[in-house]
Amino acid sequence: MKVGFIGAGRMATTMGRHFLGAGHEVVLSSSRGPEALAGLVADLGPAASAGSRQDAAECDVVILATNWADAPEALKGIDWSGRILVDGTNAPSRIRDARLDVVDWDCSKPS
Ligand SMILES: NC(=O)c1ccc[n+]([C@@H]2O[C@H](COP(=O)([O-])OP(=O)(O)OC[C@H]3O[C@@H](n4cnc5c(N)ncnc54)[C@H](OP(=O)(O)O)[C@@H]3O)[C@@H](O)[C@H]2O)c1
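The following refers to the structure shown. (Residues numbered from 1 in each chain as written. Predicted model: local features only at pLDDT ≥ 70, side-chain atom pairs only at ≥ 80, totals over all residues.)

1. Observations concerning the site of the ligand
Neighbouring the ligand are 22 residues; Gly 7, Gly 9, Met 11, Ser 31 and Asn 90 lie closest to it. Contributing elements (two or more residues each) for the shell around the ligand: helix H1 (10–21) and helix H4 (71–75). The element best represented in the shell around the ligand is H1, accounting for three residues. (Near = placed C-beta within 6 Å. Helix = DSSP H or I, 4+ residues; strand = E, 2+ residues; numbered from the N terminus.)

Put into structure tokens, the structure is as follows:
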């Protein structure tokens, strides 16, 4: 299975290592483009690669691994039709009950 991460920080790296250890492939992405992740994917090994956010979103499983505040920008412009996104973010407590809506994002609106 191929697992895509939008975000390539501590959470994506830690989960990525577990997926790789279980024999899966991992695609990492960030706002800085694949080149910026070359060192990280080299460290993770041959089953890890860096791609665009769209590349990550087209994997069998897609995990959002950005900080909450970066999620709207990170999810923007991707065709999510028929896709399932695993949201790995922790919302800050003051907006914990806010709605995650990639089409009409507004943290001030309670669900
Ligand atoms: N750390 C944990 O133990 C842990 C556990 C459970 C849940 N979480 C949750 O997981 C999320 C990530 O935590 P973390 O500790 O991994 O954070 P982190 O180390 O700061 O990583 C965040 C990643 O998001 C990327 N990013 C930021 N803006 C982006 C954009 N527009 N498009 C694509 N990628 C973007 C960052 O890379 P660039 O800035 O280079 O784009 C970075 O790779 C948080 O919501 C946190 O609450 C963390």
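Read on for the rest.
2. Some details on the nonpolar core
Phe 5, Ile 6, Val 26, Leu 28 and Ala 56 are the most contacted members of the largest nonpolar core, which totals 23 residues. Breaking this core down by element, the ones donating at least two residues are strand E1 (2–6), H1, strand E2 (25–29), strand E3 (48–50), helix H3 (53–57), strand E4 (61–64) and H4. (Core = buried A, V, L, I, M, F, W, Y, C linked by C-beta atoms within 7 Å. Buried ≥ 20, exposed ≤ 12 C-beta atoms within 10 Å, placed from the backbone.)

3. Quick look at the sheet that holds E2
Within the open sheet, the five strands sit side by side as E3-E2-E1-E4-E5. Their pairing is parallel. With one partner strand each, in any of the chains shown, E3 and strand E5 (85–87) form the two edges of the open sheet. Shown here is a sheet whose adjacent strand axes are inclined to one another by a mean of 25°, direction ignored. In the sheet, E2 pairs with E3 via three bridges, with the strands oriented parallel. Bridging across to E3, Val 26 finds its partner in Ala 48. With respect to the sheet, H1 is in contact with E1, E2, E3 and E4, its orientation differing from that of E2 by roughly 165°. (Pairing = 2+ DSSP bridges. Axes fitted to C-alpha atoms, helices over the stretch in contact; angles between N-to-C directions. Contact = placed C-beta atoms within 7 Å.)

4. Some thoughts on the environment of Val 3
With respect to the element layout, Val 3 can be found in strand E1. As a C-alpha pair, Val 3 and Val 61 span 58 residues in sequence and 4.8 Å in three-dimensional space. In this structure Val 3 touches Phe 19, His 24, Val 26, Cys 59, Asp 60, Val 61 and Ile 63, once residues within four positions along its chain are discounted.

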